[in-house]
Amino acid sequence: DIQMTQSPSSVSASVGDRVAITCRASQDISTWLAWYQQKAGKAPNLLIYAASTLESGVPSRFSGSGSGAVFTLTISSLQPEDFATYYCQQADSFPLTFGGGTKVEIK
Amino acid sequence: QVQLVESGGGVVQPGRSLRLSCAVSGISFSSYGMHWVRQAPGKGLEWLTVISYDGRTKSYADSVKGRFTIFRDNSKYTVDLQMNSLRPEDTAVYYCAGGAGVVTAKYDNWFAPWGQGTLVTVSS
């Protein structure tokens, strides 16, 4: 199985800050990677797929980069509605696996 | 609008069975592969299973293989998860989610849209 490791596990930031979250795969997954946002008590929501493609309706302050085994989700200017937990997920092979999550908290 | 509505959750004793259902509307259901993903209380996301658009291909996580079975009915726009031999560690919120129609590696195996989830508690 492909292991997905996210860092940091949590980050404290202020509105307007730039935030970057890293996801590492245990093997090369090309660009078969997605990012999700999950707010407390809600279902996850797809933000980015194919490592860097923004899902329709997702604000442009979100961006994804990387290929192979290292990927980054960047929020260019954190907004109040962005405080949530973010997960990466590999789409390369079954079983599909998620990273452990990164909680973005208010400083 | 797009809606995925899970039902069937509840409290069940260890070793018993439960069947979850997900009713889908607002999308071309018969074109989507359908997944179940769960989240234990305070924990991360765990993918469980997928069924292809035509029901012919399925895949399972090792944690549920042999205990859980996924079904779909394209005439009713529903996807079910039959859960047998339940264990306390199966306690979680269970989400259904749409995905690529075919089940194959190195493909668009991400999840959108999602249902709101249904809670399953396995306890004596």
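Structural data are supplied above this passage.
Residues numbered from 1 in each chain as written. Chains lettered and ligands numbered in written order. Predicted model: local features only at pLDDT ≥ 70, side-chain atom pairs only at ≥ 80, totals over all residues. Heavy atoms only, no water.

Undergrad: Hey, could you run me through the overall build of chain B in this one?
TA: Helix and strand counts for chain B stand at 0 helices and 10 strands. The secondary structure elements of chain B, listed N-terminal to C-terminal, are β-β-β-β-β-β-β-β-β-β. Here the C-alpha radius of gyration of chain B, 14 Å, is about what a compact globule of 124 residues would show, namely 14 Å. If one aligns the C-alpha atoms of chain B with their principal axes, the spans along those axes are about 40 × 30 × 25 Å. As displayed, chain B offers around 5,500 Å² of accessible surface, 47% of which is attributable to carbon and sulfur atoms. Taking the average place of the 12 positive charges on the side chains of chain B and the average place of its 9 negative ones, the gap between the two points comes to 4 Å. (Helix = DSSP H or I, 4+ residues; strand = E, 2+ residues; numbered from the N terminus. Rg over C-alpha atoms; globule rule 2.2 N^0.38 Å. Areas by Shrake-Rupley, 256 points an atom, 1.4 Å probe, with all protein chains shown as cover. Lys, Arg positive; Asp, Glu negative; His and termini not counted. Charge placed at Lys NZ, Arg CZ, Asp CG, Glu CD.)

Undergrad: When you look at the pairing of strand E4 (residues 33-38) of chain A in this model, what are you seeing that I'm missing?
TA: Consecutive side chains along a regular strand alternate between the two faces of the sheet. Residue and element names in this part refer to chain A. Most of E4 is tucked away: 6 of the 6 residues are buried. The alternating pattern of E4 places Leu33, Trp35 and Gln37 on one face and Ala34, Tyr36 and Gln38 on the opposite face, and all of these are buried. Where E4 and strand E9 (residues 85-90) come together, 6 bridges link them in antiparallel fashion. Within the sheet, the bridge partner assigned to Leu33 lies in E9 and is Gln90. Note that E4 and strand E5 (residues 45-49) share 3 bridges and pair antiparallel. Residue pairing across strands places Trp35 opposite Ile48, the latter belonging to E5. Counting the residues between successive antiparallel strands, the hairpin from E4 to E5 contains 6 residues, one of them, Gly41, with a positive phi of roughly 75°. (Buried < 20%, exposed > 50% of the residue type's maximum accessible area, 1.4 Å probe, protein only. Pairing = 2+ DSSP bridges.)

Undergrad: Any chance you could explain the sheet that holds strand E2 (residues 10-12) of chain B here in plain terms?
TA: The strands making up a sheet associate through hydrogen bonds between their backbones, and the pairing can be parallel or antiparallel. Residue and element names in this part refer to chain B. Ordered in space as E2-E10-E9-E4-E5-E6, the 6 strands form an open sheet in which the pairing is mixed. What marks the edges here is a single partner per strand, and that holds for E2 and strand E6 (58-60). Neighbour to neighbour, the strand axes of the sheet diverge by 25° on average, direction disregarded. Strand direction decides the pairing type here: strand E5 (residues 45-51) and E6, joined by 3 bridges, are antiparallel. Considered in E6, the bridge of Thr49 is made with Tyr60. (Axes fitted to C-alpha atoms, helices over the stretch in contact; angles between N-to-C directions.)

Undergrad: For this particular structure, what's the right way to read the pairing of E5 of chain B?
TA: Residues and elements named next belong to chain B. Across the 7 residues that make up E5, a large majority, 6, are buried. As judged from the 6 bridges shared by strand E4 (residues 33-39) and E5, these two strands associate in the antiparallel manner. Paired with Trp36 across the two strands is Thr49, which belongs to E5. A loop of 5 residues connects E4 with E5, the two strands running antiparallel in sequence, and Gly42 in this loop sits at a positive phi of about 70°. Connecting E5 to the next strand, E6, in antiparallel fashion are 6 residues, including Gly55 with a positive phi near 80°.

Undergrad: Just checking my understanding: could you explain the interface of chain B and chain A for this structure?
TA: The interface is formed by 23 residues belonging to chain B together with 21 residues belonging to chain A. Here chain B and chain A share an interface that buries about 1,800 Å² over both sides, 68% of which is from carbon and sulfur atoms. Three residues stand out in chain B for area buried against chain A, namely Leu45, Lys106 and Trp110 of chain B, and they jointly supply 37% of the buried area on that side. For the pair chain B and chain A, the number of links is 1 salt bridge. Asp92 of chain A serves as the salt-bridge partner of Lys106 of chain B, at 2.6 Å between the closest nitrogen and oxygen. The tally of links from chain B across to chain A stands at 8 residue pairs in polar contact (both at pLDDT 80 or more). Among the elements that make up the side of chain B that touches chain A, the one with the highest residue count is E5 of chain B (4 residues). Across the side of chain B that touches chain A, the residue classes tally to 12 nonpolar, 7 polar and 4 charged. (Contact = heavy atoms within 4.5 Å. Buried area = accessible area lost by both parts, 1.4 Å probe. Salt bridge = Lys/Arg side-chain N within 4 Å of Asp/Glu carboxyl O. Polar contact = N/O pair within 3.5 Å; in protein donor to acceptor, adjacent residues only side chain to side chain. Nonpolar A, V, L, I, M, F, W, Y, C, P; charged D, E, K, R; others polar.)

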